[in-house]
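Secondary and tertiary structure notes
These are the residues of each chain, in order.
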Amino acid sequence: MNASSKKTTEKPRGPFAEVVFNLPLDGPFSYSVPDHLKDRLEIGSRVFAPFGPRRLTGYIVGWAETCDPAFTIKSLEDAFDEPPVLSEETLSFTRWMAEYYQCSWGEAIASALPSGLNERGEELYSLTEKGERLLDAGEVKGPTLSLFELLREKKSLSRKQLQTALKRKFNGVLLAKLKYEESLQSSLKITRNAVDVRTETFVRLRKETVGEEEMLALLARSPRQQALYRLLMEGEISITDLKLREPRYSSALGQLKTKGLIETRSARVRRQSPWDYDAGELKPETPPELTAEQKTVCKSLIESIESETFQTFLLFGVTGSGKTEVYLRCIQRALDLGKSAILLVPEISLTPQTADRFRKRFGNRIAVLHSGLTRTERYEEWRKILSGEVSIALGARSSIFAPMKNIGVIIVDEEHDSSYKQESVPRYHGRDAALMRAREQNATVILGTATPSLESWKNAQSGKYHLLKLARRVNDRPLPWMQIVDMNKEREERKNFGIFSYALKNAIGERLERAEQVFLFLNRRGTANYIQCKDCGFAFECKHCSVTLTWHGVSNTMLCHYCNQRSRIPTECSDCGGEALRFKGYGTQKLEEETIKLFPQARVFRLDRDTAKNKKVFETMRDRLNAQEIDILIGTQMIAKGHDFPNVTLVGAMLADLPLNIPDFRSSERAYQLLTQAAGRAGRGEVPGWVIAQANRPEHYIFECARNHDYEAYAEKELEMRHQLRYPPFVRAVSWEIESDDEERVQKSAQKLGGIFANLIPQFSGTDMLGPAPAVMSKIENRYRWRLLLRAPNSQTLSALLRTARKSEAFQNLLKTRVKFSVDVDPINLL
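Given the structure is predicted, the values throughout are model-derived calculations rather than measurements.

Right, let's talk about the pattern of salt bridges for a bit. Using the criterion set out here, one finds 49 salt bridges in the structure. A salt bridge links E737 to R785; the shortest N-O distance between them is 3.0 Å. Here E737, found in strand 30 (residues 732-740), pairs with R785, found in strand 32 (residues 783-792); they are 48 residues apart in sequence, far enough to count as distant. Among the residues examined, E737 registers a relative accessible area of 13% and is labelled buried.

Attention now goes to the packing of aromatic side chains. Summed over all chains, the structure comprises 27 aromatic pairs. Between F21 and F29 the ring centres are 6.1 Å apart and the planes differ by 50 degrees, which places this aromatic pair in the tilted class. Each member of the pair, F21 as well as F29, is classed as buried. Geometrically, the ring pair formed by W551 and F583 is tilted, given 4.5 Å between the ring centres and 45 degrees between the ring planes.

For the rest of this paragraph, the subject is the pairing of strand 21 (residues 530-533). With burial as the criterion, only one face of strand 21 is covered, namely that bearing I531 and C533; the residues Y530 and Q532 on the opposite face remain uncovered. In terms of strand pairing, strand 21 meets strand 25 (residues 581-584) through 4 bridges, oriented antiparallel. Across the sheet, residue Q532 finds its bridge partner in strand 25, namely R582.

Among the secondary structure elements, Q102 is positioned in the loop between helix 1 (88-100) and helix 2 (105-112). With a relative accessible area of 15%, Q102 lands in the buried category. When residues no more than four places from it in sequence are discounted, the contact partners of Q102 are M97, L802, R806, V823 and V825.

The next thing to look at is the environment of A17. Note that A17 resides in strand 1 (residues 16-21). A sequence separation of 16 residues divides A17 from V33, and the C-alpha atoms of the two residues are 6.8 Å apart. Ignoring anything within four residues of it in the chain, the contact list for A17 reads F29, S30, Y31, V33, I60, G62, W63 and L76.

Attention shifts here to the packing of helix 3 (residues 129-136) against helix 4 (residues 142-154). The interhelical angle for the contact between helix 3 and helix 4, taken along N-to-C directions, is 115 degrees, at an axis separation of 11 Å. Remark: the crossing between helix 3 and helix 4 carries left-handed chirality. For the pair helix 3 and helix 4, contact is made by G131, E132, L134, L135 and D136 and by L145, F148, E149 and R152, respectively. Across the contact of helix 3 with helix 4, the residue classes break down as 4 nonpolar, 1 polar and 4 charged.

Now for the side chain of T312. Position of T312 among the secondary structure elements: in strand 12 (residues 311-317). The exposure class assigned to T312 is buried, which follows from its relative accessible area of 5%. Not counting chain neighbours up to four residues away, the residues in contact with T312 comprise L435, V445, L447, Y465 and H466.

Across the interface, helix 8 (residues 223-232) lies against helix 10 (residues 250-258) with an axial gap of 9 Å and an inter-helix angle of 80 degrees. Put simply, helix 8 runs roughly perpendicular to helix 10. From helix 8, R224, Q225, L228 and Y229 reach across to helix 10, where they touch A252, L253, Q255 and L256. Looking at the contact of helix 8 with helix 10, its residues break down into 5 nonpolar, 2 polar and 1 charged.

Definitions and cut-offs
- Residues numbered from 1 in each chain as written.
- Predicted model: local features only at pLDDT ≥ 70, side-chain atom pairs only at ≥ 80, totals over all residues.
- Heavy atoms only, no water.
- Salt bridge = Lys/Arg side-chain N within 4 Å of Asp/Glu carboxyl O.
- Helix = DSSP H or I, 4+ residues; strand = E, 2+ residues; numbered from the N terminus.
- Buried < 20%, exposed > 50% of the residue type's maximum accessible area, 1.4 Å probe, protein only.
- Phe/Tyr/Trp six-rings, centres within 6.5 Å; stacked < 30°, edge-to-face > 60°.
- Pairing = 2+ DSSP bridges.
- Contact = heavy atoms within 4.5 Å.
- Axes fitted to C-alpha atoms, helices over the stretch in contact; angles between N-to-C directions.
- Left-handed = near helix turned anticlockwise from the far one by under 90°.
- Nonpolar A, V, L, I, M, F, W, Y, C, P; charged D, E, K, R; others polar.
- Parallel < 35°, antiparallel > 145°, perpendicular 65-115°, else oblique.

Without other data, these values stay purely geometric and don't point to any function.
Shown next as structure tokens:
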């Protein structure tokens, strides 16, 4: 229990509210409760509280009868929710998340709530009568005079507004001094909601009026009033609906209100969701006949849901095997039992497509949550879940926080996908968080994928997860045939130095002649990935990051993909002055240009971060593909996941070995998954699919395994290597990132942190450390980065090591320096 203010000699009296904040500080902090709030507050309530010089939104997580008598306890100032928005289950879940992922409880809670609940508070300063007198008497000068004159003109301003207006004349110490001297006063302004909440006015008859029939007789001489009164006899009606039924209602409504016959009220109403269907549009979808494999899988999963016991199933199904239909059947059974369901998908581009399919089966019983929504849309969807209007939550990783009650099943589609890992605090993994939430709810977890993560595969092999397989595509459609093209031989033997191999070029031409569609997959944006001097070999790099600049031909600029720095194309080498510059490599923009040159008659569409600025781009792509208005779709990994377009019969994987060049122990796993997932887009209709993968390292074992559709052989090879090198899933890992704008300071701090762990590691059996060393990306946005990796046989040992280190005086002193320390439990990205 932390104190909320300075030392005093008086003994505080409870009960006290235990409050946590969205700050990287251990808590909770104790606050007294003023009389006007005592009947309104419960555990889980959001409150407004002073914290140092600021006013912050906090969360009540408990009550205490006593408090440290060495501190003065500040008082809560306001409360926001009746009833509380944080349930006991949410508080328990976020507390586990905070402990496991090494963040504060308040940070975990904040991630569970939509941004529309972020109340803001600020002090507004104004002149007191004393201040007015001093200004009139001419007794103030310099910065004080400027401040007083500004406040007299503007009446009241916040600290930030004063800083902006006064610029160099602003003095924070002077502001506090004048307030203490009572020349200035301040008041608290709270912005209650950051979203545009819609309110509606409703009209109804007053209950205490005379009999309805008698009143109709009295209004006989006023036909419009009588008609409106008769309409209101049917019940309360909103002004919006009233306008539709009685367009000329205004005058009659005012007269009835003057006579005291009606009353109005305002209430918050939910905005229509972008995915809501009108009742008349809903046509229940008839479920298709299940395959024999699907029936077997569904039987096991439904038995688990009905048993109401926590179990985890790895649903290992090849692409096109009908995993989504299995999800639908399991969710339907959960709903039949009066339970709710959560479905996680890895990409927001998949959400509209998945939502459409689910709405055809479940109507408006579904809410959609992902970062592509506006703040208001996300808040409205979250409110639908909280109020119990819907039974299914669908979305990206943050949907695991959906305030569902009585969860029956949680499904993680494409469970292997790295986008389930949050890159900011709290750095949770959506898949692992789903397991913990399901455990607390005695729910069933389904992890679906065609390329399981090695962590999940090992858990299935050891019996920790139940393994279920879908080895065949629906309707016994064949898996796509894959051809691996060695681009080294293409250049050396066939003298083909272009982007396209002869095999891929001919295959695209054949598909276009048959009016079939083609996917070209390349996980690199831009036109050329760097520009190099022919004379000295110098490559143009970002001034702020340790990475080369990528040339984007559309804008004719060099762009850093990390800090977005833009530079013009140079006319000469900045190192030697040479004028011969070469454009090396290629990205999706260059691929698009070459495709249009080779196939000018084809309708080409490119989907990457440069073109996908909003959700409408995904919808346009999907609609045009379904309408056969796109012949060739070019894209990054956005097009490699989950899409189902029956007329796509050819997938070209350009630079299929590109992920293998990343210096990370997961690089081959990512390469195999991306290639297999991209290949899975082909042949999902009546025509068999064909995949051509172009690579400079075709001898790597991922290509043989991918061509044979043999994940198990790949996993065996990769796990053997991981075991030898002592990497996950055979150990648990924690990555520390040390970051500063001073290169020497970050090096010293990293070495000090390494020294702390080096002294502690002998106390923890099976634990070791790699580093500290400069990160692969050693500088991003003018901040230097070092990394340190800790490994242990299990998470309990790692957690104990971290707790011990955090308690040490040396560690606490490090945190006081101008260096940022970030901890990542179970890291995915070590760059």
